[in-house]
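Chains, contacts and geometry: an overview
Letter by letter, the chains look like this.
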Amino acid sequence: MIIPKAGKLTKAQFKEVEGIVSEFNCTVLEIEGHNRCVYAILGDETQTLMFKRIAGLSYIRKVNKIESPYKLMDKRSALANHQIKIGERVIGQDKPFIIGGPCTIDPNSPSMFLETAHALKEAGVDALRGGVWKPRTNPYSYQGDNKAIEIILDAREQTKLPIDIEVMDSAQLKIALDAKVDILQVGTRNALNYSLLKEIGKTSVGTDSSVLLKRGRHVASPDEFIAAAEYLVAEGNPNVMLCPRGTTPVLDGYRNHPDESITPLLKNKTWAPVVVDPSHSVGHSQYVHACSLASIAYGADGLCIESHIDPAKGIGDDPKQAITPDKMKDLVLSCQQLWDSRYQS
Ligand code: PEP
Ligand code: MN
């Protein structure tokens, strides 16, 4: 990892560094943070001669060697102080970052989504979620509809809140990027789809789109989870958040095995923010509040919660696990109190 003295290498400096690393069969990648650029050497960066030659250049502040399977995501990387900005918020600062909205946008009822969006804004959420395309276990269940993107874009326009939608393939990714979607969600089923992760990382470089990477449901270990995120960052987009969402096998009575307790283990290893999804973890609206508080207590930076103005009329997971905007308001307040108490002790 190369850190220049100035905020960014000039074209000529980049070319010189590129020339050196290519002699050692490596390539160099610019990673643009909000305040500065860092440069990752891809390939065998442990070669001493290459290391010395780069470190000797007058415009280089330091070259870090990190022995880690995920050298960019590692807490010791030059990205350790990287901040992710979404809308008006810097993740991890001041209060929990809360994403709320229905599991699935009903394309036949735009007003239901818009009403939910306004009520959630009122309840204090920071971003809106809503499934446009859905990964469904049953191939005959509702799969999503391109029309739904217009509805969530309309909600962003009206509420001025950033939006989060899941993308599962290249065509959906293109539509989402063209629409300047603020948060691209990678669901649990694609959490280890490395080709998709690389494509998202590459095509989102230079955009304002961050990525919410869910944890693989088949018990991805902390290292496997963080290494999956490395695929995104290694293509040039450092704006990645990790999202535990419950794993299988299930804990009887819950939808999955709630895994918010992985939060401090992730935070010991990586700088990336952790945004827990309590809704899919527990799968029942009545347990979402407790799981949210547990997540914040464990050190989470935010939450992604399914919420609907009238859950019984929703589709997808909403009838079972969405909370109402009223409940969301209570939850936002209690999470804020717990967050504040984290910094008092
Ligand atoms: C969702 O967020 O609605 C969803 C399908 O999530 P997951 O990938 O965690 O199942
Ligand atoms: Mn859902």
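Our structure's up above, just so we're on the same page.
What comes next is a walk through the structure. Since we're looking at a predicted model, the values are computed, not measured.

**A few points about the coordination of the manganese ion (ligand 2)**
Around a metal, the perfect tetrahedron of four donors has angles of 109.5 degrees, and the perfect octahedron of six donors has angles of 90 or 180 degrees. Here the manganese ion (ligand 2) is held by Cys103 (SG), His280 (NE2), Glu306 (OE) and Asp317 (OD), and the distances to it run 2.1 to 2.5 Å. Sequence positions of the residues that donate to the manganese ion (ligand 2) give the spacing C-x176-H-x25-E-x10-D. Here Asp317 lies in the loop between strand 14 (302-306) and helix 11 (318-321) and Cys103 lies in the loop between strand 7 (97-101) and helix 3 (110-123), a separation of 214 residues in the sequence. Comparing Cys103 with Asp317 shows no difference in burial state: the two are buried.

**Let's talk about the pairing of strand 3 (residues 37-42)**
For strand 3, a buried count of 5 out of 6 residues is recorded, marking the element as mostly surrounded by other parts of the structure. Two elements, strand 2 (residues 27-32) and strand 3, share 6 bridges in a ladder whose sense is antiparallel. Considered in strand 3, the bridge of Val28 is made with Ile41. Turn length for the strand 2-strand 3 hairpin, with the two strands adjacent in sequence and antiparallel, is 4 residues.

**Some words on a nonpolar patch on the surface**
Together, Leu192, Tyr194 and Tyr231 line one region of the surface with nonpolar side chains, adding up to about 230 Å² of accessible area. Within the secondary structure, Leu192 is located in the loop between strand 10 (183-186) and helix 6 (194-203).

**Comments concerning the environment of Leu153**
Along the chain, the position of Leu153 falls in helix 4 (residues 147-159). Residues Leu153 and Val181, 28 residues apart in the sequence, show an inter-C-alpha distance of 8.4 Å. When residues no more than four places from it in sequence are discounted, the contact partners of Leu153 are Ile163 and Ala179.

**Points about the site of ligand 1**
Taken together, 13 residues sit near ligand 1, with Arg129, Lys134, Thr188, Lys214 and Arg245 positioned nearest. Side-chain polar atom of Lys214 to an oxygen atom of ligand 1: 2.9 Å apart, as the coordinates give it. Between ligand 1 and the protein, one listed contact pairs an oxygen atom with a side-chain N or O atom of Arg245 at 2.7 Å. Coverage of ligand 1 by the protein chains reaches 98% of its 300 Å² of free accessible surface. When grouped by side-chain class, the residues that make up the shell around ligand 1 number 2 nonpolar, 4 polar and 7 charged.

Here is what the cut-offs are and how they apply
- Residues numbered from 1 in each chain as written.
- Chains lettered and ligands numbered in written order.
- Predicted model: local features only at pLDDT ≥ 70, side-chain atom pairs only at ≥ 80, totals over all residues.
- Heavy atoms only, no water.
- Donors = N, O, S within 2.8 Å, 3.2 Å for Na, K, Ca; no water.
- Helix = DSSP H or I, 4+ residues; strand = E, 2+ residues; numbered from the N terminus.
- Buried < 20%, exposed > 50% of the residue type's maximum accessible area, 1.4 Å probe, protein only.
- Pairing = 2+ DSSP bridges.
- Patch = residues over 30% accessible without salt bridge, like charges linked within 9 Å, V, L, I, M, F, W, Y side chains within 5 Å.
- Areas by Shrake-Rupley, 256 points an atom, 1.4 Å probe, with all protein chains shown as cover.
- Salt bridge = Lys/Arg side-chain N within 4 Å of Asp/Glu carboxyl O.
- Contact = heavy atoms within 4.5 Å.
- Near = heavy atom within 4 Å.
- Polar contact = N/O pair within 3.5 Å; in protein donor to acceptor, adjacent residues only side chain to side chain.
- Nonpolar A, V, L, I, M, F, W, Y, C, P; charged D, E, K, R; others polar.

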